[in-house]
Amino acid sequence: MAYVMRSSPSVQSGSLAPHSSASSVSSSASSSSYILRLGALNSQRSGRLSITRRAIGTANRRTRKPHGVSASTSELVAEKPSIKNALAITREEGLILYEDMVLGRSFEDMCAQMYYRGKMFGFVHLYNGQEAVSTGFVKCLKPEDYVCSTYRDHVHALSKGVPARAVMSELFGKATGICRGQGGSMHMFSKEHGLLGGFAFIGEGIPVATGAAFKTKYEREVLKNDKADAVTVAFFGDGTCNNGQFFECLNMAALWKLPIIFVVENNLWAIGMSHYRATSVPEIWKKGPAFGMPGIHVDGMDVLKVREVALEAVARARRGDGPTLVECETYRFRGHSLADPDELRKPAEKAHYAARDPIIALKKYLLESGLVDETDLRSIDKKIDEIVEDAVEFADASPLPPRSQLLENVFADPKGFGIGPDGKYRCEDPAFTAGTAQV
Amino acid sequence: MGLSSIAYDLGSGLNGPMSISHLSSPRQQLAFSAKSCTGSRACITVRAADGNSGSMRAPPSTVRASKLVTNAVAVKSETASIAATKSGHELLLFEALREGLEEEMERDPRVCVLGEDVGHYGGSYKVTKGLAEKFGDLRVLDTPIAENSFTGMAVGAAMTGLRPIVEGMNMGFLLLAYNQISNNCGMLHYTSGGQFTIPVVIRGPGGVGRQLGAEHSQRLESYFQSVPGLQMVACSTPYNAKGLMKAAIRSENPVILCEHVLLYNLKERIPDEEYVCCLERAELVRPGKDVTILTYSRMRHHVLQAAKSLINKGYDPEIIDIISLKPFDLHTIGNSIKKTHKVLIVEECMRTGGIGASLRASIMDNFWDYLDAPIMCLSSQDVPTPYAGTLEEATVVQPPQIVKAIKQLCG
């Protein structure tokens, strides 16, 4: 059963006392709620051990249990009315969510095909199964908002609005790719759509996202632009949550109340390393309150639940109340990358999550609620098929980057290549930029 | 600290006002009567837009009608050389850095500083003293001790429109930020296909100090030199410190500005008018004809000290402060080699994989035919800087070694 679990009393507006401008976490209202949370956590810890023991022994754990959240469950029940409202979506919203997830899935499936046909190369990390997280969050954002991703970034790019053609071309290494073929699968960037990357090393995108959020604050407070309210969403995985940059950025984001949402796509595996073998306290959401921000745990296979949490967190950031840490329980249906034989994950675990396919779940919801009918969904499926086919055709037909492109973007200011023996800047020599000059 | 003022007796070195370096391309606006094409000291150059972009993506134009200064090397005996302008004002190198920084922060509200203790404390070396009071806590941001993350934060802020300056309290601390410097600063403009620019400046003091211990006495220029996408300069006088700081801030590229712990209290008279140095150009400190000495940062002053003795012995060294550690100004360097045919490199970097090693290779590639002797290179020892004073002294190149090397090279 999918449900929302919460660590903090609420992410509802107004229920978390906003920090005073002195940016100390010790304002009385908020500290008491944090203490309550910490207290709850401490008492849960002893209960936790038994679960951990079980986990180590059998690796039988496929779902996260609602351990020790009873304190906040009652608060949850008390807030039921607003949850119900947030879950209700309109037909249009439903169709948008469905289309975005189907686009993500179809695109990734096509990537796998293309990879095995030798059209794309290197390390390709597919997002199948995790669509609810990308769609759930990114479809809450405005065009001016920023998204920062990792190497598993194709679907974040698509959700944010980067055309499928541009992503596919990039994967094929063509000059028409979103990064001119220079980035590849793990380095998707789009200035137009506010996609800040695409990073191959885990964790290194989180500070970049923090910087984008810092820029919003700077724009408001230094440049005095009241309309500056761009929010940044940073996506990363469970493995990253043991990395220093994660903790350092949680600290700075909370310290300066930056408009950022840290979204953990916890799919339980970092290549072949199980989250539980790598992490002393596996509940990542608990680490939010340790740094002074709400930590939320949500079912990442349910796009409506994700969306509900996302709307809250985005609103919170946008009005200046600071960051949120959201842990999404999710799963990748494929291996870590197309090169991963995926032998360590148990079939039972995979089957469990396959049964919670987010697209099937949304489809079921939409049909059962009467918001849409079969033909609507089928026409979307067809539309997406055409988009993806077109993307492949476009990428196939696109030219490879010419040799002359090699050095073009090394420096924004090409004077950085320096002055050659003849006294001219190297970049003034056409042979240099064509890559044929002897350097 | 070492030198308290720059007062050189350069013998027959300077002959009146130095000619301004000008760029030979017809696109450049500056025209001065050049005495030689030695591309002497880099003064202003703010340049017109590059109209002919060809296959390059032209940088945005920044044309400013700055006044040009003919010569501002504060050589005591040279009253005539500062002829074109008023007498200027005297200050210490760290104050010059601060002046440059302050001017740029006033000029562009997107310029901000972040680092440890830059705000309320005013900077460990006082480079940002008073700036937080003037510009506020957000523009001069005191960060927690998390170099990798706040450097990455600067990258993200730069990508989205700000122009941050990251101060490493010591360059050595920036080793912790190496991931962000190499992967993000250096790469993102490229991997994004040119979509995002990263106009950050990363600066801080490095080099061997006075018994600060190994970790605070690192010579890291070469660690960053290979990173594609980065530019790197080293300042050595108050004049070039201010000018390079301004140029680095204005540059659209990520620039590493290497300062030196022992040079912060150098005093010099610099112009009152605004000026900007050129990031890619070397500085001809003293023209000569016997041998080319290439150096940078603190070693410039050791070379100058050695030069006094050499000149007395009848040598005529040409001393060039390379300023730009990446890329090398091969024009200035080459013209000198074509004249003297002998090269001595004096650097503080380690021998192995140092700036000197890279420079030697570059010179061999480009100017082999002009060399009459193998290129000599004096570098610091490949050793973690020892604490003991005697050992520390033996780690870096000292003036007597330079004198000996020249004698060996020139006979």
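Residues numbered from 1 in each chain as written. Chains lettered and ligands numbered in written order. Predicted model: local features only at pLDDT ≥ 70, side-chain atom pairs only at ≥ 80, totals over all residues. Heavy atoms only, no water.

Overview of the overall build of chain A
The test is simple: Strands are runs of DSSP state E lasting at least 2 residues, helices are runs of H or I lasting at least 4, and numbering of each runs from the N terminus. Working definition: with a 1.4 Å probe on protein chains only, accessible area under 20% of the residue-type maximum means buried, over 50% means exposed, and in between means partly exposed. The contact criterion used is simple: two residues touch if any of their non-hydrogen atoms lie within 4.5 Å.
Summing up its helical and strand segments, chain A has 16 helices and eight strands in all. For chain A, the residues scored as buried account for 58% of the 439 residues in total. Taking contacts inside chain A between residues at least 6 apart in sequence as the whole, the part at least 24 apart equals 74%.

Section: the pairing of strand S4 (residues 260-266) of chain A
Residues and elements named next belong to chain A. We apply this condition: Here, strands pair whenever DSSP counts at least two bridges between them.
Burial analysis of S4 places seven of its seven residues in the buried class, the great majority of the element. Residue alternation in S4 divides its side chains into two sets, Ile-260, Phe-262, Val-264 and Asn-266 and Ile-261, Val-263 and Glu-265, and both sets are buried. Judged from the six bridges that link them, S4 and strand S8 (residues 324-329) form a sheet pairing that is parallel. Residue pairing in the sheet places Val-264 in a bridge with Glu-327 of S8.

Observations concerning the interface of chain B and chain A
Selection rule: Here the quantity called buried area is the total loss of accessible area, with a 1.4 Å probe, experienced by two parts when brought into contact, counted for both. A carboxyl oxygen of Asp or Glu within 4 Å of a side-chain nitrogen of Lys or Arg is what we treat as a salt bridge. By the criterion applied in these results, polar contacts are pairs of N or O atoms within 3.5 Å in which, for protein atoms, one can donate a hydrogen and the other can accept it, and in which residues neighboring in sequence qualify only through two side-chain atoms.
Across the contact, 61 residues belong to chain B and 58 residues belong to chain A. When chain B packs against chain A, the two sides together hide about 5300 Å² of surface, and 63% of this comes from carbon and sulfur. Counting across the interface, chain B meets chain A through zero salt bridges. Summed over the shared surface of chain B and chain A, the number is 20 residue pairs in polar contact (both at pLDDT 80 or more).

Observations concerning the UniProt feature "domain: Transketolase-like pyrimidine-binding" (unreviewed entry) in chain B
As a reminder of what qualifies: UniProt positions are given in the numbering used here, feature names are shortened, and annotations may be inferred rather than shown by experiment.
Following the UniProt record, one finds the feature "domain: Transketolase-like pyrimidine-binding" (unreviewed entry) at residues 91-266 of chain B. Between the first and last C-alpha atoms of residues 91-266 of chain B the distance is 8 Å; the span itself is 36% helix and 18% strand.

Notes on the pairing of strand S8 (residues 267-270) of chain B
Residues and elements named next belong to chain B. Here S8 shows a buried face lined by Glu-268 and Ile-270 and an unburied face lined by Lys-267 and Arg-269. For strand S1 (residues 89-92) and S8, the ladder comprises four bridges, and the chain directions are antiparallel. Residue pairing across strands places Leu-91 opposite Glu-268, the latter belonging to S8.

Remarks on the pattern of salt bridges
Applying the stated rule across the entire model yields 45 salt bridges over all chains. The partner of Lys217(A) in a salt bridge is Glu221(A), with the nearest N and O atoms 3.2 Å apart. Here Glu221(A) and Lys217(A) lie together in helix H8 (residues 205-221), a separation of four residues that amounts to about one turn. When its relative accessible area of 16% is taken as the criterion, Lys217(A) is described as buried. Salt-bridge contacts for Asp302(A) lead to Lys305(A); the nearest nitrogen and oxygen are separated by 3.4 Å. Judged by relative accessible area, Lys305(A) falls into the buried class, the value being 14%. In the salt-bridge network here, residues are joined through shared partners; they are Glu99(B), Glu103(B), Glu104(B), Arg107(B), Lys242(B), Lys246(B), Arg250(B) and Glu274(B).

Here we look at helix H3 (residues 147-159) of chain B
Residue and element names in this part refer to chain B. The cut-off we apply is this: Between the first and last residue of a helix there are one fewer steps than residues, each counted as 1.5 Å, and that sum is the expected span.
The terminal C-alpha atoms of H3 lie 18 Å apart, and with 13 residues this matches the ideal 18 Å at 1.5 Å per residue to within 8%. Counting buried positions along H3 gives 13 out of 13 residues, so the element sits mostly inside the fold. Where H3 ends, the next residue or the one after it, Gly-161, has phi of about 130°, a positive value.

Section: the sheet that holds strand S5 (residues 201-206) of chain B
All names here are of chain B. Formally: Axis geometry follows a simple rule: fit a line to the C-alpha atoms, using only the stretch in contact for helices, then measure angles between N-to-C directions, giving values from 0 to 180 degrees.
Pairing is mixed across the open sheet formed by seven strands, whose spatial order is S3-S2-S4-S5-S7-S6-S12. With partners counted over all chains shown, the strands left at the sheet margins are strand S3 (140-142) and strand S12 (324-326), one partner each. For this sheet, the mean inter-axis angle between neighbouring strands, taken without regard to orientation, is 20°. Two strands pair when backbone bridges link them, and strand S4 (residues 163-167) and S5 are joined in this way by three bridges, in the parallel orientation. In the strand pairing of S5, Ile-165 is matched with Val-201.

Description of the packing of aromatic side chains
Residue and element names in this part refer to chain A. To keep it simple, the criterion reads: What counts as a ring pair is set by centres within 6.5 Å for rings of Phe, Tyr and Trp (its six-membered ring), and what kind of pair is set by the plane angle: stacked under 30 degrees, edge-to-face over 60, tilted for all other angles.
As enumerated under the stated definition, the model contains 16 aromatic pairs over all chains in all. Where Phe-189 meets Phe-199, the ring centres are 6.0 Å apart and the plane angle is 75°; that geometry is what we call edge-to-face. On the criterion of sequence distance, the pair formed by Phe-189 in the loop between helix H7 (164-172) and H8 and Phe-199 in the loop between H7 and H8 is long-range, its members being 10 residues apart. Just as Phe-189 is buried, Phe-199 falls in that class too. Through a chain of ring-to-ring contacts, the aromatic side chains of Phe-236, Phe-246, Phe-247, Phe-262 and Phe-291 assemble into a single cluster.

Description of the domain arrangement of chain B
All names here are of chain B. So the rule is basically this: Residue ranges for the domains originate in an automatic or database domain assignment.
Along its sequence, chain B is organised into domain 1 (87-277) and domain 2 (283-410). Each of domain 1 and domain 2 has a C-alpha centre, and the two are 26 Å apart. Contact with domain 1, which involves 32 residues of that partner, is made by 31 residues of domain 2. Interface area, domain 1 with domain 2, both sides summed: about 2400 Å², of which 53% is carbon and sulfur. Taken as a group, Gln-211, Arg-219 and Gln-225 account for 31% of the area that domain 1 buries against domain 2, more than any other trio of residues on that side. Applying the counting rule to domain 1 against domain 2 returns zero salt bridges. Counting across the interface, domain 1 meets domain 2 through 22 residue pairs in polar contact (both at pLDDT 80 or more). Taken together, the elements giving at least two residues each to the side of domain 1 that touches domain 2 come down to helix H6 (221-225), strand S6 (231-234), helix H7 (238-250) and strand S7 (255-260).

Digging into unusual backbone geometry
For the peptide bond that leads from Gly197(A) to Gly198(A), omega is 10°, which places it in the cis range. The topology assignment puts Gly198(A) in the loop between H7 and H8. Omega for the bond connecting Lys326(B) with Pro327(B) falls within 30 degrees of zero, at 5°, which places this linkage in the cis form. Within the secondary structure layout, Pro327(B) lies in the loop between S12 and helix H9 (330-340). A positive phi angle, close to 55°, is found at Asp342(A), a residue other than glycine. For Ser297(B), which is not glycine, the phi dihedral falls at a positive 55°.

As for the side chain of Arg152(A)
Residues and elements named next belong to chain A. Inspection of the secondary structure puts Arg-152 in the loop between strand S2 (146-148) and helix H6 (154-160). There is a polar contact of 3.1 Å between the side chain of Arg-152 and the backbone oxygen of His-336. Excluding its chain neighbours within four sequence positions, the residues that come into contact with Arg-152 are His-125, Leu-126, Tyr-127, Gln-130, Arg-332, Gly-335 and His-336.

A short note on the sheet that holds strand S13 (residues 343-350) of chain B
Residues and elements named next belong to chain B. Reading across the sheet, the five strands line up as S9-S11-S10-S13-S14 and stay open at both edges, with mixed pairing between neighbours. Since the sheet does not close on itself, it has two edges, and those belong to strand S9 (283-286) and strand S14 (376-380), each with one partner. For this sheet, the mean angle separating the axes of adjacent strands, direction not counted, is 25°. Where strand S10 (residues 291-295) meets S13, four bridges bridge the pair, whose relative direction is parallel. Counted as the bridge partner of Ile-293 is Leu-344 from S13. This element, H9, spans S10, strand S11 (317-321) and S13 of the sheet and lies at about 170° to S11.

Some points on the environment of Phe417(A)
Among the structural elements, Phe417(A) can be located in the loop between helix H15 (374-397) and helix H16 (430-433). We classify Phe417(A) as buried; its relative accessible area is 12%.

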